[in-house]
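Here's the letter readout for the chains.
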Amino acid sequence: MNWATARRLLHLPAKQSAPIARPLGLPPSDPLAAVRARSMCVVSGKGGTGKSTLTASLAASLERHGRVLLVDADLGVGNAHLFCDLQPEQTLANVVRGECSAREAVVPVRGQLDLLAGGSGCLGVASLDRKQLQLLGKGLYSLEERYRSILIDGAAGLSSQTLQLAAAADIVLVVTTPDVTAMTDAYALIKVLCAERPGLVPYLVVNRVLDASEGHAAAERMRAVARRFLDVEIRLLGLLPEDRSAYRCTQRRQPVVLGEPDEPLGLALADLAQRLQRELDHLHPHGVGRVLCHRLGRDGLAESESCGA
Ligand SMILES: Nc1ncnc2c1ncn2[C@@H]1O[C@H](COP(=O)(O)OP(=O)(O)OP(=O)(O)O)[C@@H](O)[C@H]1O
Ligand SMILES: [Mg+2]
């Protein structure tokens, strides 16, 4: 692949074409998988593209259809708990340090929604080593039979846990804005993710678009460049408008779909959640914790199965 050419093409005017449906490139299934939560990992190349804003609203929408676990995988400066208006005592940072179990760190949010919060200002766990990743995998493995969906709010960029979680989740959702730097970083992230997980079909959300044509143009640029240089088909899940309600809801510590559901962003998020629910319902869940344990070696899964993690 010629990286310079790909980067240049991200700036070219778009050609319109409809998204193409293709099955996810998932690891082999097993009989246990049928009872495991469907999982999605939300990632971005650049920070601040709207992952937490989006994931909080998706979690609030999906919990109407079944139990949802929102996992904040940002162990450096996680803030998913802010959107839930909670300050949990135990977080995933404690789990990966072996200080508590994942079950002990989960807190109820509302209705059928639970939260496994990320670390906030935690040194030493911003990017996890293998042992910490195993604790993360075992922790998720111990939880995933209890939920219909697990939504992971990933850290921006290429931390080890973002890569591993994205490699293990049923769906990988890349969030970008139409901004050239965000698009370039999203492309770089997709390139690394697809090398880590051959056959992956990433989903894309373009956030903060000023109008639909800007959003579709950005999405089509990304899809065309990924197809040409990576031989990867990206599926566009949706566009989200630039909307000040995102800021107002964050100030009030509410997901947009609950705080201002009738504003353009709230309506677009609800629509996106419906589409996501359909995608999740149609896939065969593999268990993000289970796949992560397998990826990290047989020992991880054997121990978690025997000790119940
Ligand atoms: N559609 C939108 N319209 C206007 N502002 C938005 C929109 N989406 C997100 N924002 C704002 O962008 C900022 C970053 O959003 P958010 O925290 O969700 O991003 P993030 O990707 O989770 O960031 P990080 O990489 O730091 O975790 C926030 O101030 C948020 O209110
Ligand atoms: Mg965030």
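Structure shown above.
Below is a summary of the structure that appears in this document.

So, how was this worked out
- Within any chain, residue numbers begin from 1 and follow the written order of that chain's sequence.
- Chain A is the first chain written and ligand 1 is the first ligand written, with later ones labelled in order.
- Side-chain atom pairs in this predicted model are given and counted only at pLDDT of 80 or more, local residue features only at pLDDT of at least 70, and totals for whole chains, interfaces and linings cover all residues.
- Based on all heavy atoms of the structure, the side-chain values leave hydrogens and waters out of the count.
- Helix and strand labels come from DSSP, where a helix needs a run of H or I of at least four residues and a strand needs a run of E of at least two; each type is numbered from the N terminus.
- Using a 1.4 Å probe on the protein chains alone, a residue whose accessible area is under 20% of its type maximum counts as buried, one over 50% counts as exposed, and one in between counts as partly exposed.
- Residue contacts follow a heavy-atom distance rule, with two residues in contact if any of their heavy atoms lie within 4.5 Å.
- Where accessible areas are quoted, they stem from the Shrake-Rupley method and a 1.4 Å probe; at the residue level, only the protein chains shown are allowed to cover.
- Strand pairing follows a simple DSSP-based rule, namely that at least 2 bridges must link the two strands.
- When the strands point away from the viewer, a crossover counts as right-handed if the route from the first strand across the helix to the second turns clockwise.
- For this description, a residue counts as near a given molecule or strand if any of its non-hydrogen atoms is within 4 Å of it.
- Definition of a polar contact: a pair of N or O atoms within 3.5 Å, with one able to donate and the other able to accept a hydrogen when the atoms are protein atoms, and with sequence-neighbouring residues admitted only if both atoms are side-chain atoms.
- Gly is put with the polar residues, along with every residue not named as nonpolar or charged; the nonpolar set is Ala, Val, Leu, Ile, Met, Phe, Trp, Tyr, Cys and Pro, and the charged set is Asp, Glu, Lys and Arg.
- A fitted line through C-alpha atoms serves as each axis, taken over the contacting stretch for helices, and the angle formed by two N-to-C directions is quoted from 0 to 180°.
- Roughly parallel here means an angle under 35 degrees, roughly antiparallel means over 145, roughly perpendicular means 65 to 115, and every remaining angle is called oblique.
- Crossings are sorted by hand: turned counterclockwise from the far helix by less than a right angle, the near helix makes the crossing left-handed, and turned clockwise it makes it right-handed.
- Multiplying 1.5 Å by the residue count of a helix minus one yields the expected span of that helix.
- To form a nonpolar core, buried Ala, Val, Leu, Ile, Met, Phe, Trp, Tyr and Cys residues must be joined to one another through side-chain atoms within 4.5 Å.
- The salt bridge definition used is simple: a Lys or Arg side-chain nitrogen within 4 Å of an Asp or Glu carboxyl oxygen.

## So, the overall build of the chain
Point 1. Along its length, the chain carries 14 helices and eight strands.
Point 2. Counting over 309 residues, the chain shows a buried share of 58%.
Point 3. Long-range contacts, defined here as pairs at least 24 residues apart, represent 82% of the contacts in the chain between residues at least 6 apart.
Point 4. Accessible area for the chain stands at about 12,700 Å²; split by element, carbon and sulfur atoms hold 51% of it.

## Some details on the pairing of strand β8 (residues 235–241)
Point 1. With six of its seven residues buried, β8 lies for the most part within the structure.
Point 2. Across five bridges, the pairing between strand β7 (residues 203–209) and β8 is parallel. Paired with V205 across the two strands is G238, which belongs to β8.
Point 3. For the handedness criterion, the β-α-β arrangement of β7, helix α9 (residues 212–230) and β8 is classed as right-handed.

## Focus on the site of ligand 1
Point 1. In the vicinity of ligand 1, 17 residues are found, and the nearest of them are K51, S52, T53, N207 and P241.
Point 2. In this structure, an oxygen atom belonging to ligand 1 sits 2.7 Å away from a side-chain N or O atom of K51.
Point 3. Taking T53, its side chain carries an N or O atom lying 2.6 Å from an oxygen atom of ligand 1.
Point 4. Taken by itself ligand 1 offers 640 Å² of open surface, and the protein chains cover 80% of this.
Point 5. Listed by contribution, the elements that provide at least two residues to the shell around ligand 1 are α2 (51–62), β7 and α10 (245–251).
Point 6. Per-class residue counts for the shell around ligand 1 are five nonpolar, eight polar and four charged.

## With respect to the packing of helix α6 (residues 130–143) against helix α7 (residues 160–168)
Point 1. In the contact formed by α6 and α7, the axes pass within 11 Å of each other and the chain directions differ by 40 degrees. Between α6 and α7, the angle is such that the two are oblique. Every pair of crossing elements has a handedness; the one defined by α6 and α7 is right-handed. Contacts from L133, L136 and L140 in α6 reach S160, Q161, Q164 and L165 in α7.

## Here we look at helix α12 (residues 264–282)
Point 1. Under the 1.5 Å per step criterion, the end-to-end length of α12 is 28 Å for 19 residues, consistent within 8% with the ideal 27 Å.
Point 2. Three or more residues of α12 are buried, namely L265, G266, A268, L269, L272, A273, L276, Q277 and L280.

## A closer look at unusual backbone geometry
Point 1. Within the chain, D231 stands out as a residue other than glycine whose phi angle is a positive 55 degrees.
Point 2. As for its position among the elements, D231 is in the loop between α9 and β8.
Point 3. One non-glycine residue, R253, lies in positive phi territory at about 60 degrees.
Point 4. Inspection of the secondary structure assignment puts R253 in the loop between α10 and α11 (256–259).

## Quick word on the sheet that holds strand β3 (residues 107–110)
Within a sheet, adjacent strands bond to each other through the backbone by hydrogen bonds, running parallel or antiparallel.
Point 1. Spatially, eight strands are ordered β3-β4-β2-β5-β1-β6-β7-β8 in an open sheet, and the strand pairing comes out mixed. Edge positions in the open sheet fall to β3 and β8, since each of these has one partner strand only. Across this sheet, the average inter-strand angle for adjacent strands is 25 degrees, counted without regard to direction.
Point 2. Together, β1 (38–43), β5 (149–153) and β6 (171–176) form the strand contacts of α7, whose direction differs from that of β1 by roughly 140 degrees.
Point 3. Docked against the sheet, α9 engages β7 and β8, running at close to 145 degrees with respect to β7.

## Some words on the nonpolar core
Point 1. Ranked by size, the top nonpolar core spans 56 residues in total, and within it L136 and L165 carry the most contacts.
Point 2. With sequence-adjacent residues up to four places away left out, L136 is seen in contact with L92, V96, L128, Q161, L165 and L292.
Point 3. Counting 35 residues, the second largest nonpolar core, distinct from the first, contains L70, A117, Y203 and V205.

## Topic: the pattern of salt bridges
Point 1. Scanning the entire structure with this criterion turns up 14 salt bridges.
Point 2. Here E220 makes a salt bridge to R223, at a shortest N to O gap of 3.1 Å. One end of the pair is E220 and the other is R223, both in helix α9 and three residues apart, which spans about a single turn.
Point 3. R252 is paired through a salt bridge with E260; the nearest N and O atoms lie 3.4 Å apart.
Point 4. Residues participating in the shared-partner salt-bridge network are E220, R223, R227 and E233.

Function-wise, these values are silent; they only describe arrangement.
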